[in-house]
Amino acid sequence: MGEYGLDPVAAMVRWRDEHGDFVPIRFGPFRAHMAYGPAEIEEVLVDRAADFRKSFATRMLIPLLGHGLLTAEGDEWLRHRRLISPAFHRERVAGYGRIMAKYADEWAQARRDDEPLDLHDEMMALTLRVVARTLLDTDVTPSIKEIVQLLAEVQDFYYGRFASLRFLIPTSLPTPGNRGLARAIRRFDELVYGIIRERRAEEDRGDLVSLLLLARDEDGTGLTERQVRDEVTTLLLAGHETTALALTWAFMLLDGHPDVRRRLEAELVGVLGDRLALPEDLAALPYTQAVLNETLRLYPPVYVTGREAIRDTEIAGQPVPKRHIVLISMYATHRDPRFFSEPEAFRPERWLDGLDKRLPHGAFIPFGMGSRKCVGASFAMTETTLLVATIARRWRFELNAGEIATLPSITLRPASAMWGRMRSVARRAAMTSSVPGP
Ligand code: HEM
C-alpha cells in the first residue's frame, strides 16, 4: 500500500519486473493479485469472468454513478447493456462522426496563432459537448465550465482515497471530503435531472435519453427516473473524460516527437487537403489511427481495473479465494518488452504492419476485454481520430513544459494544467518554404 501510495504506476511496473505475471499483494485489509500476463488477464476477464464482480474501487463510484452500466452487476447490467448497445452500433457511430467533426472544426476555427491555452481543459470541454450532443441531443455549452470544475473536485476526492487507506472511510460519514463529494453530486444531479425532465416533456427525439425513457420490459415496466439518471450520468462522465485524456496525451506526445508530427501532418494534407475529416476517411488515415493506438498504449486513460472473486476460483493454476481482488494494470502490460520492443518509446509505426493482429489477446486492452469491454470503444476511436485529424491538420500544440507527469486518479490524468500555445501549421509551412536556399 505504501509503495502504491507513493507512485501507483511505477509500483505496478516494478512488481511485474520483480515478480512475474501473477503477483500476490496486500492492499490494507484486502488480499489481492496483480495479473500482468495476457493469458492471466484473459482468464480473469473472459474465461472465468463469471467467478468475479467489479472490485471495491469501482463500487466506490456508486455514490456518483449509481447503478449505471459501469457499476451495475448481473441481470440489471445485462438488461441495460442490451438496451444501450444499439446506440453504439457502427452506423449510429458513423452518424455521430459528422457531429464530432463539426464540433472539432468549430474549435479549430476559433483558435488564433500563438494563443495560450490549457489543452486538457479545452479537450474536456470539447468532448463533453460532443457526447452531450451525440448521445443526449443536448447542448451543455452554458454549463461546461461548471461541469468540468465539478468533475475536477470529484477526481480530487477519489485520488485522495485511492492512494491511501482513506478509501476505508465510508462515504456516509459526514467528513469534509464526503460532504464535498455529496455537494458536487447534488449539483450534477440538478443538471442531469434537468435534461431528463426536458426530454420527458417532449416526444421521442431518437436520442439515448428518449430511448431510456421509452424502454419497456416484456411485462411493460420501464426504467425509474433514478435508473435513467444513473445511465445518463455514467455516459456523460465515462464518455468524455477518457477521450479528452487520450487527446491531451496524444498532443503532448506529438509535441515531443516532431518527426511523428510531420508524418501525421503529411498524411492529413494528402488525404484531406483543405476539407473536413469525415467518418468515411478513417480507413484512409492509418497513421493517425496508429498515433492514437500508441498514445493509448503508453497513456491508457483507464490504467487499471479490478475484479473481486465472488467464489473460490483460480487463475494461472493459483488459488484465488472468495473476496480476493485481482488487479489488471493496462499501464504495466502495455509497457511489457515481451510484446512491445522499446516499450517506453513513442513509435506509432509499430502499429502499421498488423501488430494488433499478432499480439496475444490481453496484451493491448485500453478498452478492457470480455463482456464488460467498453461499450463506447468504437465511438471513442472514431471521435479521437476525427478530432486529432481536424485539429492537427491546422494546428500544432506547443507545450510550455517539456512533458507533464501523470496523476493516477480514477483515470490517468495530467498532474498539472497542460499550458501551451497553438501554432498554425499553414503559417509555419509558409515560413519554412520562404527561407532562401543555400
Ligand atoms: C479513449 C476512451 C475510452 C477508454 C480508454 C475507455 C476505457 C474503458 C474500459 C477499460 C472499460 C472497462 C472497465 C472494466 O473492465 O473494468 C470501459 C467501460 C465502459 N466505458 Fe469506456 N472508455 C473510453 C470511452 C468511452 C466512451 C466514449 C463511452 C460512452 C460514450 C464509454 C462508456 C463506457 C461504459 C458505459 C463502460 C461500462 C461498460 C459495461 O460494463 O458494460 N467509454 N471503458
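Residues numbered from 1 in each chain as written. Predicted model: local features only at pLDDT ≥ 70, side-chain atom pairs only at ≥ 80, totals over all residues. Heavy atoms only, no water.

## Quick word on the environment of R112
Phase 1 of the analysis: Note on placement: R112 falls in the loop between helix 7 (90-109) and strand 4 (115-118).
Phase 2 of the analysis: In this structure R112 comes out as exposed when scored by relative accessible area, which is 53%.
Phase 3 of the analysis: Spatially, the C-alpha atoms of R112 and S424 are 8.0 Å apart, while their sequence positions differ by 312 residues.
Phase 4 of the analysis: Other than its neighbours up to four places away in sequence, R112 contacts W395 and M422. (Helix = DSSP H or I, 4+ residues; strand = E, 2+ residues; numbered from the N terminus. Buried < 20%, exposed > 50% of the residue type's maximum accessible area, 1.4 Å probe, protein only. Contact = heavy atoms within 4.5 Å.)

## Brief notes about the coordination of the iron atom of the ligand
Phase 1 of the analysis: Just one protein atom donates to the iron atom of the ligand; it is C374 (SG), sitting 2.3 Å from the metal.
Phase 2 of the analysis: Mapped onto the secondary structure, C374 falls in the loop between helix 17 (355-358) and helix 18 (377-394). (Donors = N, O, S within 2.8 Å, 3.2 Å for Na, K, Ca; no water.)

## What about the pattern of salt bridges?
Between side chains of opposite charge, a pair can form as their charged atoms come close.
Phase 1 of the analysis: One pass over the structure, following the stated rule, counts 40 salt bridges.
Phase 2 of the analysis: With a closest N to O distance of 3.0 Å, E43 and R48 form a salt bridge.
Phase 3 of the analysis: Taking the relative accessible area as the measure of exposure, E43 reaches 16% and is therefore buried.
Phase 4 of the analysis: Overall, the relative accessible area of 27% leaves R48 in the partly exposed class.
Phase 5 of the analysis: Between D207 and R199 there is a salt bridge, and its shortest N-O distance comes to 2.6 Å. (Salt bridge = Lys/Arg side-chain N within 4 Å of Asp/Glu carboxyl O.)

## Topic: the site of the ligand
Phase 1 of the analysis: Close to the ligand lie 25 residues; W77, R81, T305, R372 and C374 are nearest.
Phase 2 of the analysis: Contact distances for the ligand include 2.7 Å between an oxygen atom and a side-chain N or O atom of W77.
Phase 3 of the analysis: Contact distances for the ligand include 2.8 Å between an oxygen atom and a side-chain N or O atom of R307.
Phase 4 of the analysis: Among the secondary structure elements, those contributing two or more residues to the shell around the ligand are helix 6 (74-84), helix 13 (241-256), strand 5 (305-309) and helix 18. (Near = heavy atom within 4 Å. Polar contact = N/O pair within 3.5 Å; in protein donor to acceptor, adjacent residues only side chain to side chain.)

## A short note on the sheet that holds strand 8 (residues 325-328)
Phase 1 of the analysis: The strand order across the open sheet built from five strands is 1-2-8-5-3, with neighbouring strands paired in mixed fashion. Here the strands that pair on one side only, and so sit at the sheet edges, are strand 1 (22-27) and strand 3 (52-54). Across the sheet, the mean angle from the axis of one strand to that of its neighbour is 30°, orientation sign disregarded.
Phase 2 of the analysis: For strand 3 and strand 5, the ladder comprises three bridges, and the chain directions are antiparallel. Paired with F52 across the two strands is A309, which belongs to strand 5.
Phase 3 of the analysis: Against the sheet, helix 3 (residues 38-47) engages strand 1, strand 2 (30-35), strand 3, strand 5 and strand 8, with an angle of about 125° to strand 8. (Pairing = 2+ DSSP bridges. Axes fitted to C-alpha atoms, helices over the stretch in contact; angles between N-to-C directions.)

## Concerning the environment of I99
Phase 1 of the analysis: Tracing the sequence through the fold places I99 in helix 7.
Phase 2 of the analysis: Taking the relative accessible area as the measure of exposure, I99 reaches 26% and is therefore partly exposed.
Phase 3 of the analysis: Sequence-wise, I99 and E383 are 284 residues apart; in three dimensions their C-alpha atoms are separated by 9.6 Å.
Phase 4 of the analysis: The residues contacting I99, other than those within four sequence positions of it, are R133 and T134.

## Let's talk about the pairing of strand 5
Phase 1 of the analysis: Counted residue by residue, strand 5 has five buried out of five residues, so it is predominantly covered.
Phase 2 of the analysis: Burial along strand 5 is two-sided: T305, R307 and A309 facing one way and G306 and E308 facing the other are all buried.
Phase 3 of the analysis: Pairing of strand 5 with strand 8, which is carried by four bridges, proceeds in the antiparallel orientation. Within strand 8, the position partnered with T305 by the bridge is I328.

## Comments concerning helix 2 (residues 8-19)
Phase 1 of the analysis: Between its first and last C-alpha, helix 2 extends 16 Å over twelve residues, near the 16 Å set by a 1.5 Å rise per residue.
Phase 2 of the analysis: For helix 2, the elements touching its buried residues are helix 1 (2-6), strand 1, strand 2, helix 16 (330-333), strand 10 (406-408) and strand 11 (412-414).
Phase 3 of the analysis: Remark: G20 follows helix 2 within two positions and exhibits a positive phi of approximately 100°. (Expected span 1.5 Å × (residues − 1).)

## Quick word on helix 15 (residues 286-298)
Phase 1 of the analysis: Taking 1.5 Å of rise per residue, the 13 residues of helix 15 would be expected to cover 18 Å, and the 18 Å separating its terminal C-alpha atoms lies within 8% of that figure.
Phase 2 of the analysis: Most of helix 15 is tucked away, with eleven of its 13 residues classed as buried.
Phase 3 of the analysis: For helix 15, the set of buried residues is Y287, T288, A290, V291, L292, N293, E294, T295, L296, R297 and L298.

## Considerations on the packing of helix 7 against helix 18
Phase 1 of the analysis: At a minimum axis separation of 9 Å, helix 7 and helix 18 run at an interaxial angle of 30°. Between helix 7 and helix 18, the angle is such that the two are roughly parallel. The two elements helix 7 and helix 18 cross, and the hand of that crossing is right-handed. Residues V93, Y96, G97, M100, A101, A104, D105, W107, A108 and Q109 of helix 7 touch helix 18, and the partners they reach there are S378, F379, T382, E383, L386, L387, T390, I391 and R394.
Phase 2 of the analysis: Residues that form the contact of helix 7 with helix 18 fall into these classes: eleven nonpolar, five polar and three charged. (Parallel < 35°, antiparallel > 145°, perpendicular 65-115°, else oblique. Left-handed = near helix turned anticlockwise from the far one by under 90°. Nonpolar A, V, L, I, M, F, W, Y, C, P; charged D, E, K, R; others polar.)

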